[in-house]
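Single-letter residue listing:
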Amino acid sequence: MSIPAGALTDVVETLPDARDPLALSLNENPFPPLPSVHSALVASIGSANRYPEFLPQRLRTLIADHLGVDDGQVVIGTGATGVIMQVLQAFTAPGDAVVMATPTFDGYPIFAQIARLRSITVPLDPHGHHDLDAMAAAARSARVVVVCRPHNPTGTVESAAQIHRFLDRVPADTVVVLDEAYVEFLGAGERLDTRGLVQQYPNVVVVRTFSKAYGLAGLRIGYGFCSPDLARRLWTMQLPFGVGLTGLVAVAACYDAEDEMRQRIRIITAQRRLLSARLRAVGIYSTDAHANFVYLPAPGGDRAVWRQVFDGAGPRVRHYGDGGVRITIGVRQSTRAVLSAVAAYRDRTRGESALAGTDAVRTGDAPTTWQT
Ligand code: PMP
């Protein structure tokens with residue numbers, strides 16, 4: 001296709017490369033939309049002169065049917081981000097507090113700031129798990145508390161028993177955001193019975209997204225589900241004409257292609273296992289990852305190491321203030337690029353660095369204490 005000169009040329013040339021194997025900093029899916037999803041999206045663009053539904057009722061029904069809950073329990077947002085903002089807008093007032101782990105998904109401190117909330121941060125434990133007892137205690141003086149399962153950036157998962165114990169302790173009038181942005185990467189045995197959970201705990205909102213496993217980050221589609229009472233209040237925050245036509249079509253096409261989706265998830269999970277195993281083989285600890293990324297704390301507490309490994313080496317990864325690094329899982333070529341960067345660094349520093357020997361960081365050691 002030839003693209004005429006002008007504004008369009010500039011824009012098209014700067015679109016992100018769907019297949020860039022080195023884009024490993026945003027936990028995106030390495031695969032472009034499936035052919036069936038792509039064609040459905042192209043077909044829907046022909047109706048772009050028309051508004052979508054006033055409120056996204058059809059998308060709501062589609063998702064509710066897929067989940068096996070009532071329509072009245074589902075809300076739609078511009079990504080999980082939009083849903084989380086709806087929760088904060090519906091249930092908090094400026095000056096209220098929100099409890100979150102630290103580190104957590106970068107968005108949360110930003111959302112708190114937009115909603116003019118005080119953030120109460122609770123450090124993860126040395127292996128990257130939530131301190132749920134401390135969070136439940138802090139939730140007594142907060143309107144909202146956030147738990148990510150799997151957690152970002154560590155990929156860790158709290159057990160069902162721990163989640164129940166936590167929910168039993170959180171006051172009934174504090175809203176719990178159970179962020180399941182990466183839930184599709186969990187095995188069947190690792191998933192919570194979230195339908196039962198929102199019945200048992202009417203203060204829980206489960207938040208999900210089509211940005212990660214479904215690979216539609218650019219379309220901005222997220223949803224939440226919860227008790228009918230909370231959902232009614234959240235639905236009043238639903239922006240008129242706020243979800244584009246493409247959202248409904250893309251979700252329908254994704255649901256029709258579940259087998260292919262699952263296959264892609266298996267490929268990503270296999271690459272994650274491979275990367276973790278290869279790193280472990282050279283003594284590099286990573287937290288117990290259950291999503292499409294791994295988190296490597298600073299080896300031996302040396303905050304400079306991961307920057308020295310990855311700066312200018314190719315893979316673009318996400319660095320953290322305590323010297324840890326989060327690496328999104330991509331395709332095989334991405335895994336190779338990460339391992340090459342590590343190997344090159346080890347060669348370069350020959351015995352002089354924290355990554356030099358296989359026993360430099362003993363796998364399983366408590367790797368870090370988080371900055372607060
Ligand atoms: N929650 C978590 C834990 C995330 O990691 C992300 C994205 N990185 C989101 C929510 C937001 O996702 P989106 O707005 O793209 O749906």
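Here the residue index of a chain counts from 1 through its sequence in written order. In keeping with the predicted nature of the model, local features appear solely for residues at pLDDT of at least 70, side-chain atom pairs appear and are counted solely at 80 or more, and the whole-chain, interface and lining totals rest on all residues. The basis for every side-chain value is the complete set of heavy atoms in the structure, and neither hydrogens nor water enter the calculation.

## Things to note about the packing of aromatic side chains
Here is the rule: rings of Phe, Tyr and Trp (six-membered ring for Trp) pair when centre to centre is within 6.5 Å. Planes less than 30 degrees apart are stacked, more than 60 are edge-to-face, and the remainder are tilted. If you walk through the whole model with that rule in mind, you get 12 aromatic pairs. Considering the side-chain rings of Phe 105 and Phe 111, the 5.9 Å spacing of their centres and the 65° angle between planes classify their relative orientation as edge-to-face. For the pair Phe 210 and Tyr 255, a centre-to-centre distance of 6.0 Å together with 55° between the ring planes defines the contact as tilted. Here the residue Phe 210 occupies a position in the loop between β6 (204–209) and β7 (222–226), and Tyr 255 occupies one in helix α10 (residues 245–256), the gap between them amounting to 45 residues. Taken individually, Phe 210 and Tyr 255 each receive the classification buried, so the pair is uniform in this respect. Taken together, the aromatic side chains of Phe 210, Tyr 214, Tyr 223 and Tyr 255 make up a single cluster linked through ring pairs. In DSSP terms, a helix is any run of H or I states spanning at least four residues, a strand is any run of E spanning at least two, and both are numbered starting from the N terminus. Exposure is judged per residue with a 1.4 Å probe applied to protein chains only, and the accessible area is read against the type maximum: over 50% gives exposed, under 20% gives buried, and values in between give partly exposed.

## Description of the UniProt feature "domain: Aminotransferase class I/classII large" (unreviewed entry) in the protein chain
UniProt positions are given in the numbering used here, feature names are shortened, and annotations may be inferred rather than shown by experiment. Look at the UniProt record and you will see "domain: Aminotransferase class I/classII large" (unreviewed entry) annotated at residues 21–332. The span residues 21–332 carries 38% helix and 15% strand; its end-to-end C-alpha distance comes to 8 Å.

## With respect to unusual backbone geometry
The residue after Thr 102, namely Pro 103, is reached through a cis peptide bond having omega 0°. As for its placement among the helices and strands, Pro 103 is situated in the loop between β2 (97–102) and α5 (107–114). With an omega dihedral of -5°, the bond running from Arg 149 to Pro 150 counts as a cis peptide bond. Non-glycine residue Arg 220 carries a positive phi angle of around 60°. Following the sequence through the fold, Arg 220 ends up in the loop between β6 and β7. One non-glycine residue, Phe 241, lies in positive phi territory at about 55°. Along the polypeptide, Phe 241 turns up in the loop between α9 (228–235) and α10.

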